[in-house]
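What follows is each chain in one-letter form.
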Amino acid sequence: MDTTKHRRRSRSATSRKPISLALQGGGSWGAYTWGVLDALLASRGVAIAQLSGTSAGAINAAIVAGALAKGSTAQARQALRSFWLSIAEHASADLMRAWFGPLERHWRNSINEWLLAYGIAPPYAANPCAVDFLRNAIAKHVDIDAIRSKFAPVLFVTVTAVKTGLSRVISNDAMSIDVLLASASLPDLFPAVEIDGEWYWDGGYGGNPTLWPMISSHVSNDIIVVQLMPDRIDEVPTGTAAIRRRISEIVFNSRLVAEMQAISAMRAVATPTGKAANVADVRLHRIGPPRVELFDQGSAIDRARPWLSLLHDEGLLDGKRFMARHRADIGVRETLDVRHAFVDPNNPRIPLPAYDALRPRHWIPTETAKLATRQTDVERVA
């Protein structure tokens, strides 16, 4: 991770509780996050002290960070609205989609699959203007100089290295338009982006969003995750499109699940200390995912203005509901049941190998502990 001086907003009202925001990526679903941010920025109860974002979440986070560096929540809200409306397709395209939408989506998916299957061209080659369009939209609405200033909230953006598969977290001092573009460069839609001699893809493969930098930053103990990917569905998908969508949801939610499970495991052996860097002292909250009915109405690549507006309104409503229910909890207690939401209750409860360092030398392992040791040895060999 790039080194950075942890920033604190000197202009925040002391009556507002500092919060950290973890913004998940998901293409057009980022408009839901726009609505959530609209609600939080309008609230007089909280102040955004740091943000971590991936893909669309990274762009939303950068827009907000740049505006807040100038001390303006109103400017942040206006910039978010301007960005999302600028990438929305115009009214005539909306009308055509209403008529031919299902056919057009089927045709586009079929063409992309055909190109990939026969190695003729990457799907983004069919639309080379898309990269420039997104780059220009980001550059118009993100103030990089403000983000690098001492007045900006801490910002973390995740990208994924193409060659190594490792995630890289980039913070304020190294922020750039290329970093934000790379974090949103889904391989099916955009080419890799070069940063410091390395090539990067969408950050969702490495962290969606990344939590650990905010936990150890000493800025705020309250982390609100704005989740876009559904963690549960009611029916097992059977159709090709539904199966592919669910696979994508699982893949892009897996990093968040892994971090939450790690937090749960670490809490089992951690003791609260009252310090910001201790995982036992972090209070986790969640807004989202969007209601499941929405996933049958649109997709992550749908930029129709009515669709983006619908997602914004849903996010705005959920953000207001969260503040109405949990404003008093912020700074006091956690409102997200991490184990219930992210840990399968059917998982075996096996003693952690880390306990070996704490047990007496004369300790005789039980059969369960022996099993855990054998499993750990197998995993190391694998």
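Starting from 1, residues in each chain are numbered consecutively following that chain's sequence as written. Thresholds applied to this predicted model are a pLDDT of at least 70 for local features of residues and 80 or more for the giving and counting of side-chain atom pairs; totals over whole chains, interfaces and linings are not thresholded and use all residues. Think of the side-chain values as coming from all heavy atoms in the structure, minus any hydrogens and water.

1. Things to note about the overall build of the chain
Inclusion rule: Helix numbers and strand numbers start at the N terminus; a helix is a DSSP run of H or I with at least 4 residues, a strand a run of E with at least 2. Only protein chains enter the accessibility calculation, which uses a 1.4 Å probe; a residue whose area is less than 20% of its type maximum is buried, one above 50% is exposed, and one in between is partly exposed. Whether two residues touch is decided by their heavy atoms; if any such pair falls within 4.5 Å, the residues are in contact. The Shrake-Rupley method, run with a 1.4 Å probe, gives the accessible areas here. Residue values count only the displayed protein chains as cover.
Tallying secondary structure elements over the chain gives 12 helices and 8 strands in all. Relative to its full complement of 382 residues, the chain shows a buried share of 46%. Contacts in the chain between residues far apart in sequence, at least 24 positions, make up 76% of those at least 6 positions apart. Carbon and sulfur atoms make up 56% of the accessible area of the chain, which totals about 19,600 Å².

2. So, the side chain of Glu259
Along the chain, the position of Glu259 falls in helix H9 (residues 240-267). Contact partners of Glu259, with chain neighbours within four places excluded, come to Pro209, Thr210, Leu211 and Trp212.

3. Quick look at the packing of aromatic side chains
Stated precisely, the cut-off is as follows: Stacked, edge-to-face and tilted labels apply to pairs of Phe, Tyr and Trp rings (six-membered ring for Trp) whose centres lie within 6.5 Å, assigned for plane angles under 30 degrees, over 60, and everything in between, in that order.
According to the stated counting rule, one finds 3 aromatic pairs in the structure shown. Each ring, one from Trp29 and one from Trp307, has its centre 5.2 Å from the other, and the planes form 80°; the classification is edge-to-face. Of the two residues, Trp29 sits in the loop between strand S1 (17-23) and helix H1 (30-42) while Trp307 sits in helix H10 (residues 305-326), which places them 278 residues apart along the sequence. Each member of the pair, Trp29 as well as Trp307, is classed as buried.

4. Topic: the confidence of the model for the chain
The condition is simple: Confidence scores here are pLDDT values: one per residue, from the predictor, ranging 0 to 100.
Confidence in the prediction of the chain, expressed as mean pLDDT, is 80, and 74% of residues score 70 or more. For the stretch residues 91-120, pLDDT sits under 50, and the model shows 18 contacts to residues farther than four places along the chain or on other chains. Here residues 354-382 scores under 50 on pLDDT; set against residues more than four positions off or in separate chains, the count is 10 contacts.

5. Brief notes about the pairing of strand S7 (residues 222-226)
This is how it is decided: Paired strands, as defined in this entry, are two strands with at least two bridges between them according to DSSP.
For S7, the buried fraction is high: 5 of the 5 residues fall into the buried class. Here S7 shows two buried faces, one formed by Asp222, Ile224 and Val226 and the other by Ile223 and Val225. Note that S1 and S7 share 4 bridges and pair parallel. Bridge assignment links Ala22 to a residue of S7, and that residue is Val225. In terms of strand pairing, S7 meets strand S8 (residues 283-287) through 5 bridges, oriented parallel. Its bridge partner being in S8, Asp222 is matched across the sheet by Arg283.

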